[in-house]
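Commentary on secondary and tertiary structure
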Amino acid sequence: MAAAPAATKPVVRYFAIRGKGEPIRVALTDLGVDFENHVVDFAAWPKIKAEGIADGSLPFTQLPAYADEDGKFGQMNAILRHIGRKHGACGATEAEMTQVDMFLEAVEDVRQAYLKLVYTEGCEEGKCAEFAATHTDASARNGGKIAHLNNAAARLGGKFIAGTTEATVADYSAFCLFDDLLRVCPAVLESQPWLAAWLETMRARPRIAAYVTAGHEYRTRVNGNGKG
Ligand SMILES: N[C@@H](CCC(=O)N[C@@H](CS)C(=O)NCC(=O)O)C(=O)O
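Residues numbered from 1 in each chain as written. Predicted model: local features only at pLDDT ≥ 70, side-chain atom pairs only at ≥ 80, totals over all residues. Heavy atoms only, no water.

**Things to note about the layout of surface pockets**
The gaps left among the atoms become clear once a water-sized probe is rolled over them. Looking at the largest pocket, its volume works out to about 530 Å³. Forming the boundary of the largest pocket are 29 residues, of which Tyr14, Lys20, Leu63, Pro64 and Leu115 lie nearest the centre. Residue contributions to the lining of the largest pocket peak at five residues, all from helix 4 (residues 94-120). When its residues are assigned to classes, the lining of the largest pocket shows 16 nonpolar, eight polar and five charged. Both of domain 1 (11-87 + 211-220) and domain 2 (94-205) provide at least three residues apiece to the lining of the largest pocket. What the second largest pocket holds in volume is close to 180 Å³. Around the second largest pocket, the lining residues are Ala113, Lys116, Leu117, Glu121, Lys127, Glu130, Phe131, Thr134 and His135. Contributions of two or more residues to the lining of the second largest pocket are made by helix 4 and helix 5 (125-135). Considering every element that reaches the lining of the second largest pocket, the biggest residue donor is helix 5, with five residues. Within the lining of the second largest pocket, the residues separate by chemical class into three nonpolar, two polar and four charged. (1 Å grid on protein atoms, 1.4 Å probe; cavity = no way out; pocket = protein on both sides within 12 Å on 5 of 7 lines; lining within 4 Å. Points joined across faces, edges and corners; volume = space filled by probe spheres on them. Helix = DSSP H or I, 4+ residues; strand = E, 2+ residues; numbered from the N terminus. Nonpolar A, V, L, I, M, F, W, Y, C, P; charged D, E, K, R; others polar. Domains from an automatic or database assignment.)

Next comes the structure, spelled out in C-alpha cells:
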C-alpha cells in the first residue's frame, strides 16, 4: 500500500516585523500548531506581490497571507477565525462565537486607532498621551475604546476576553495589540484592571512566554515605519 502523503504544515507569510502577522504567529504557537513562518524581506516584496497577483496566492495582494490544506487566505481576522474554528479557539456556543467575533471587531477598533498613532502621528509623545486619555475614558466621543473592552470583558466575567474559559483568537489579537501599545503608552492599562490582569494571564501562558523570549529577530521591529 502506498504511504499516505506527508501532511503539509500551514504556512504564514508576513514581513520582518510584528504588525498584522503577529496575532497569527501567536495564535498558532499558543494552540500548539506546527507551522512554517515565512518572514518576507521588504526588498523581495514587489516580486512576491506581483507573483501573488498573477497566480492568486495573495487574494488581496497584501500580507499577512496564510496557506494550509484548505486553501490560501488573506486578511488577518479571517485567517484568525479560520485557525480558531479548526483548533477550538472561536468559542464553544453560539453566544461565545458571537462574543468572540464582537471582541475581534472591538480589538480591531483599537488597532485602527493605534495604527493612526503609529503611521499618521509617528507615536509623538503628546499624541501618545492624547491616545491614552481618549481611549481610557468610557464617555469620550468616538473614544473610550480601551475602556469599553475592559468593561465588556469584566461584565462577561470569564477568564478570557470574550467571556470564555479557554483562550480564543480574540485573546491572541488583543494580546499582540496591547503588547505593542504598551511600548508607547506604558500606563494605558493602569485604569483598566480587568485588561491589566488578563494581559498578565496571557503573558504567563507557557507557549507565549517561550515565544516572546525566543529572540526572534523580526520581533525587534513592531511596525513597518520603525515607530512603536
Ligand atoms: N485588511 C488587511 C490589511 C493588510 C495590510 O495592510 N497589509 C500591509 C502590511 S500590514 C501590506 O501588505 N502592505 C504591503 C502592500 O500593500 O504592498 C488585513 O487585515 O490583513
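Continuing now.
**What about the UniProt feature "domain: GST C-terminal" (unreviewed entry) in the chain?**
Within this numbering scheme, the UniProt entry marks residues 93-222 as carrying the feature "domain: GST C-terminal" (unreviewed entry). Here residues 93-222 is 65% helix and 0% strand, with 35 Å between the C-alpha atoms at its ends. (UniProt positions renumbered as here; feature names shortened; annotations may be inferred.)

**A look at the pairing of strand 2 (residues 36-40)**
As paired strands, strand 1 (residues 11-15) and strand 2 are joined by five bridges and run parallel to one another. In the strand pairing of strand 2, phenylalanine 15 is matched with valine 40. Taken together, strand 1, helix 1 (residues 22-30) and strand 2 form a β-α-β motif whose crossover is right-handed. (Pairing = 2+ DSSP bridges. Right-handed = clockwise from strand over helix to strand, strands pointing away.)

**Describing the packing of helix 7 (residues 169-184) against helix 8 (residues 193-204)**
When two helices pack together, you describe them by how their axes are tilted relative to each other and by the distance separating the axes. For the pair helix 7 and helix 8, the least separation of the axes is 10 Å and the interaxial angle reads 105°. One finds that helix 7 runs roughly perpendicular with respect to helix 8. Residue-level inspection shows Asp171, Tyr172, Ala174, Phe175, Phe178, Asp179 and Leu182 of helix 7 in contact with helix 8, the latter providing Leu195, Trp198, Leu199, Met202 and Arg203. Of the residues in the contact of helix 7 with helix 8, the class split is nine nonpolar, no polar and three charged. (Axes fitted to C-alpha atoms, helices over the stretch in contact; angles between N-to-C directions. Parallel < 35°, antiparallel > 145°, perpendicular 65-115°, else oblique. Contact = heavy atoms within 4.5 Å.)

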